[in-house]
Amino acid sequence: VKAARSSGSILKPFLYALAMDDGLILPQTVIRDVPTYFGSYSPTNADQKFSGLVSAREALVRSLNVPAVRLLNAYGLYSFYRFLQDAGVSTLFRPPDDYGLPLILGGAEVNLWDLAQLFRGLGNYGVFSDLQVLERKDLKRKNSYFSSGKSLISPGACYLVLNILRELKRPGAEYYWQQYQNQWQIAWKTGTSYGQRDAWAVGVSPQWTIAVWVGNFDGEPNPEIKGASCAGPLLFDLFNLLPKDAAKSWFAEPSANLSPVKICLETGFRAGADCPHTTVVEAPMGMKPLKQCPYHKSVFVTSDERYQVCSLCWESGHRHKISLLFYPPDVAQYLRERGQVLASIPPHNPACPGLQAGNPMQIVYPGQNARLWIPRDIDGRFQQVTLRVAHRQPASTIFWYIDNRYLGETKENHVKALTIPAGWHTLEVVDRMGNRDRRRFFVALKKRS
Ligand SMILES: [Zn+2]
Ligand SMILES: [Zn+2]
């Protein structure tokens, strides 16, 4: 029970709950599921596929890796590590940097005991306390057990995550799920470690917390070992055997801990003035303000909606405002590569005097066909190259691509420093108006002198 084993995906629900309290997501909020690079680390999903954009709910139900790693990066590795320690995970033998972002995919070890304690805390509306082995003499006072715990996640966030974990769409486990769903509900999650050495399944209901581990005690891999198909059925067999109280078939909604928030229907972020469709959903009370929808932007267009216009080129009476969904460039590129047709963004009016003044955006460094000689630092590593772009409109956002790979975006201060391998490269920058600039340049690494 106390042997430490790789956690697989089993810790993901806690990150999603913490991220809700932190104002990063609600269940409806979309997360990018596209090829992503954190330095040299690039997570992939179990099926090696990406979905473009997925809601947090779907990402958790399908246990997608890329959204989970992105979320951990946004929430903070250190904060999540501290949560695990505070919640009683006793097997974090290494410092957070040693685990890095793969922590959320099974980089850390857990034991069955701590896992049961964690999920009990989720079912206990975020109050985490030590499990105790019940002896006969303790049974009389078992109601007092959870009174002295630490409140680490809000009741509202726990409730929303429990509701996600009870959803049915679990690849490979539908049969078992359907067999039980009508009788008794349970929030559950499975996990499979790297190399399929360990399979986990943990379930929590208002009355019971069950944690199952399947694996070889000697840690030998076994291709049959998978959380969903192997530990899952065992979990339900056990759950089915336990006595149940019909009055506690599902967690009570903590109404006092939920408050309504108006969100963008398409993206699940807090609705902004430019979001065309909105809906009101329950959010954890006291969560940090949810980020406003960054994807909907209003633009002025000609009456036929063929061109965007600005104060320099619109004719009064011949313009109106429309709201457009601007996908993040890495998502847009990914969806287009998959053959998806995206609503096109109308180009700017070609007769605009603003455009005739030339491109408002320019790559300052490097110059076209420049040869960059990269020296080494004192410690022997090659220095980074600092790429610079100028934009006439100070508040503009610029999207960066190097060799057709999305690098990221900059606002106001358009500078990016990165390590670039030797050889020819292409830098391309694009802004929201569709202006672009390109440079080809050559990188040569200086030999040790
Ligand atoms: Zn929106
Ligand atoms: Zn214009």
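Anything mentioned here points back to the structure above.
Residues numbered from 1 in each chain as written. Chains lettered and ligands numbered in written order. Predicted model: local features only at pLDDT ≥ 70, side-chain atom pairs only at ≥ 80, totals over all residues. Heavy atoms only, no water.

Caption draft 1: Quick peek at the environment of E412. Tracing the chain through its elements places E412 in the loop between β19 (405–411) and β20 (415–418). For E412, a relative accessible area of 61% gives the class exposed. A C-alpha to C-alpha distance of 8.2 Å links E412 and H391, two positions 21 residues apart in sequence. (Helix = DSSP H or I, 4+ residues; strand = E, 2+ residues; numbered from the N terminus. Buried < 20%, exposed > 50% of the residue type's maximum accessible area, 1.4 Å probe, protein only.)

Caption draft 2: The arrangement of the coordination of the zinc ion (ligand 2) in detail. Looking at the metal site, the zinc ion (ligand 2) is ligated by C310 (SG), C313 (SG), H348 (NE2) and C352 (SG), spaced 2.2 to 2.4 Å from it. In this structure, the zinc ion (ligand 2) is surrounded by four donor atoms whose angles at the metal cover 105 to 116°, and the resulting shape is tetrahedral. Read N to C, the donor residues that coordinate the zinc ion (ligand 2) are spaced as C-x2-C-x34-H-x3-C. Here C313 is found in the loop between β13 (308–309) and β14 (319–325), whereas its partner H348 is found in the loop between α10 (329–337) and α11 (353–356), with 35 residues between them in sequence. (Donors = N, O, S within 2.8 Å, 3.2 Å for Na, K, Ca; no water. Tetrahedral: all angles 85-135°; square planar, octahedral: opposite > 155°, others 65-115°.)

Caption draft 3: Structural context of helix α1 (residues 12–21). The element α1 is extensively covered by neighbouring structure, given that 10 of its 10 residues are classed as buried. Taken as a whole, α1 has its buried residues at K12, P13, F14, L15, Y16, A17, L18, A19, M20 and D21. Immediately beyond the C-terminal end of α1, within one or two residues, lies G23, with a positive phi of roughly 80°.

Caption draft 4: Just the pattern of salt bridges, in detail. Using the criterion set out here, one finds seven salt bridges in the structure. Where R62 meets E58, a salt bridge forms, and the shortest distance between an N and an O atom there is 2.6 Å. Given a relative accessible area of 33%, R62 falls into the partly exposed group. E109 is the partner of R94 in a salt bridge, and the nearest nitrogen-oxygen pair spans 4.0 Å. (Salt bridge = Lys/Arg side-chain N within 4 Å of Asp/Glu carboxyl O.)

Caption draft 5: Broad picture of the sheet that holds β14. Read across the sheet, three strands follow the order β13-β12-β14 without closing on themselves; strand pairing throughout is antiparallel. The strands lining the two open edges of the sheet, one partner per strand, are β13 and β14. Inspection of the sheet shows strand β12 (residues 296–302) paired to β13 by two bridges, in the antiparallel sense. Residue pairing in the sheet places F300 in a bridge with V309 of β13. (Pairing = 2+ DSSP bridges.)

Caption draft 6: Region of the structure containing the sheet that holds strand β17 (residues 385–391). Taken in spatial order, the three strands line up as β15-β17-β20 in an open sheet, and their pairing is antiparallel. Edge strands, defined here as strands with exactly one partner in the open sheet, are β15 (361–365) and β20. In this sheet, adjacent strand axes meet at a mean angle of 20° when their direction is disregarded. Pairing of β17 with β20, which is carried by four bridges, proceeds in the antiparallel orientation. From the neighbouring strand, V385 faces β20, where its bridge partner is L418. (Axes fitted to C-alpha atoms, helices over the stretch in contact; angles between N-to-C directions.)

Caption draft 7: Focus on the nonpolar core. Counting 69 residues, the largest nonpolar core has Y16, F80, F83, L118 and F119 as the members making the most contacts within it. With eight residues, helix α7 (residues 155–165) is the single largest residue contributor to this core. Residues in contact with F83, not counting those within four places in the same chain, are F14, L18, L118, F128, L152 and I153. Within the second largest apolar cluster, 16 residues are counted, among which are L372, I402, L427 and V443. (Core = buried A, V, L, I, M, F, W, Y, C linked by side-chain atoms within 4.5 Å. Contact = heavy atoms within 4.5 Å.)

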